[in-house]
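Structural overview for review
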Amino acid sequence: MPDSSEMEDVTPPTRAQLTWYAESAAAGEATKAELTVLEAHPELWRDVLDELLEDTEEALGTVHHLSGGERAQVVADFEAERTRLVAALERFGSGDGTATLLATEPRLQTSWSAGRIVAWGGGPGLPPTTADDLAPLIAATGAPGDSWGAHRSVLLPSGAEAPAMSLPVADALGWLLDLGAGHTEGPIGASARWLGLVAIEALRLVADGKVAPSIQAHGRRDNGRTSYSVRWVPALVEREVIATLAGQLPGSVSAITPKAEPRDTTQDALAAMVHAFTAQPAS
């Protein structure tokens, strides 16, 4: 074990990294490298778990006031998250180690990237899913199979690169709704289910008429005229809803844009899904 002088020379991970690692560990999705970082900073790890649990408790208080058919599922999801965090804290304090936080199979993770769902796979103690195994992993979750295209690899905090595929969010709406409603089984990571919750909220906004058209200019054409398009955007979104979703955003959702604020990522994903739900029937 390194002495104290050696430990002082080690640059600690950022708070965002620790949060990602702690969430992954509580969900049984952390890699060995991520667990090594957490074990090297036990006090910070405990602090992050305490903060995550406090945020989850606060979110539960908010979602209990939601209306609509999705309320029960949203509450159940947050209660499950609370259970995972409590169990992680109990294991942390019992001295049993972190072996029980490891899962054994790769899971499908999804990242958000400018209107596209980026899928990649991995599991605790396992290397990222290979390019050959990624398509079967996607298919095992009931995701649409025809619209996925190549995407650059996703750089993980461990330094590993995960082969990835992507598709426009408009082609994934039905699958995302199933994920958010808990109707889909299979090797699904927390990030995919989170995007499903965003999809449910986007559909609720559209169904309630809480959307508005936004005119966007696209520059001048060769004939000197400016082209325009209409994009539908959310309107009258409750702050509590955005805060709740942003507070529960898994780190892997932001793997492609790690410096983005959770609220910004949440609003961007919500806006893209609202437009997709609204534009598809119109087209």
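Everything numeric here is computed off the predicted structure, so don't read it as measured data. (Residues numbered from 1 in each chain as written. Predicted model: local features only at pLDDT ≥ 70, side-chain atom pairs only at ≥ 80, totals over all residues. Heavy atoms only, no water.)

Looking at the overall build of the protein chain
Along its length, the protein chain carries ten helices and six strands. Within the span of the protein chain, comprising 283 residues, buried residues form 42% of the whole. Relative to all contacts within the protein chain whose residues are 6 or more apart in sequence, the contacts with residues 24 or more apart total 64%. By element, 52% of the accessible surface of the protein chain is carried by carbon and sulfur atoms, the whole surface being about 14,300 Å². (Helix = DSSP H or I, 4+ residues; strand = E, 2+ residues; numbered from the N terminus. Buried < 20%, exposed > 50% of the residue type's maximum accessible area, 1.4 Å probe, protein only. Contact = heavy atoms within 4.5 Å. Areas by Shrake-Rupley, 256 points an atom, 1.4 Å probe, with all protein chains shown as cover.)

Brief notes about unusual backbone geometry
For residues other than glycine, phi is negative in most cases, and the peptide bonds are mostly trans. At Ala114, a position not held by glycine, the phi torsion is positive, near 50°. Counting through the fold element by element, Ala114 comes out in the loop between strand 1 (107-113) and strand 2 (116-122).

Re the pairing of strand 1
For strand 1, a buried count of six out of seven residues is recorded, marking the element as mostly surrounded by other parts of the structure. Two elements, strand 1 and strand 2, share seven bridges in a ladder whose sense is antiparallel. Across the sheet, the residue bridging to Arg107 is Gly122, located in strand 2. Counted along the chain from strand 1 to the antiparallel partner strand 2, the turn is two residues long, and its residue Ala114 has a positive phi close to 50°. (Pairing = 2+ DSSP bridges.)

A closer look at the sheet that holds strand 1
With antiparallel pairing, the four strands of this open sheet are ordered in space as 1-2-4-3. A single partner strand is all that each edge strand has here, and the edge strands are strand 1 and strand 3 (149-155). In this sheet, neighbouring strand axes are inclined to one another by 35° on average, regardless of whether the strands run parallel or antiparallel. Sheet topology places strand 3 next to strand 4 (residues 161-168); five bridges connect them, and they run antiparallel. Paired with Gly149 across the strands is Ser166, a residue of strand 4. (Axes fitted to C-alpha atoms, helices over the stretch in contact; angles between N-to-C directions.)

A few points about the packing of helix 7 (residues 173-181) against helix 8 (residues 190-207)
Where helix 7 contacts helix 8, the axes come no closer than 7 Å and their chain directions differ by 105°. Here helix 7 is positioned roughly perpendicular relative to helix 8, judged by the angle of their axes. In contact with Leu176, Leu177, Leu179, Gly180 and Ala181 of helix 7, helix 8 contributes Ala192, Arg193, Leu195, Gly196, Leu197, Ala199, Ile200 and Leu203. Partitioning the contact of helix 7 with helix 8 into residue classes produces ten nonpolar, two polar and one charged. (Parallel < 35°, antiparallel > 145°, perpendicular 65-115°, else oblique. Nonpolar A, V, L, I, M, F, W, Y, C, P; charged D, E, K, R; others polar.)

A closer look at the confidence of the model for the protein chain
Reading fine detail from the predicted coordinates is not recommended where pLDDT is low. For the protein chain, per-residue confidence averages 79 on the pLDDT scale, and residues scoring 70 or more make up 79% of the total. Considering each helix and strand of the protein chain separately, the mean pLDDT is smallest for helix 1 (residues 4-8), with a value of 40, and largest for strand 4, with 95. In this model residues 1-9 is a low-confidence stretch, pLDDT under 50, and it forms two contacts with partners more than four residues away in sequence or in other chains. Across residues 94-103 the pLDDT falls below 50, and counting only partners more than four positions away or on other chains, this stretch makes 19 contacts in the model. (pLDDT = per-residue confidence, 0-100.)

Comments concerning the pattern of salt bridges
All chains considered together, the criterion is met by two salt bridges. Its salt-bridge partner being Arg204, residue Glu201 comes within 2.5 Å of it at the nearest N-O pair. On the criterion of helical spacing, the pair formed by Glu201 and Arg204 is a turn pair, its members being three residues apart in helix 8. Classification of Arg204 by relative accessible area gives buried; the value is 13%. The shortest N-O distance in the salt bridge between Arg204 and Asp208 comes to 3.4 Å. Asp208 sits in the partly exposed class, given a relative accessible area of 45%. Each member of the salt-bridge network shares a partner with another, and the members are Glu201, Arg204 and Asp208. (Salt bridge = Lys/Arg side-chain N within 4 Å of Asp/Glu carboxyl O.)

Some details on the packing of aromatic side chains
Tallied over the full model, the rule gives one aromatic pair. Residues Trp148 and Trp175 carry aromatic rings whose centres are separated by 6.3 Å and whose planes lie at 80° to one another, so their mutual orientation is edge-to-face. Taken together, the positions of Trp148 in the loop between helix 6 (131-139) and strand 3 and Trp175 in helix 7 put the pair 27 residues apart, joining distant regions of the chain. Taking relative accessible area as the criterion, Trp148 reaches 11% and is therefore assigned buried. The class for Trp175 is buried, based on a relative accessible area of 5%. (Phe/Tyr/Trp six-rings, centres within 6.5 Å; stacked < 30°, edge-to-face > 60°.)

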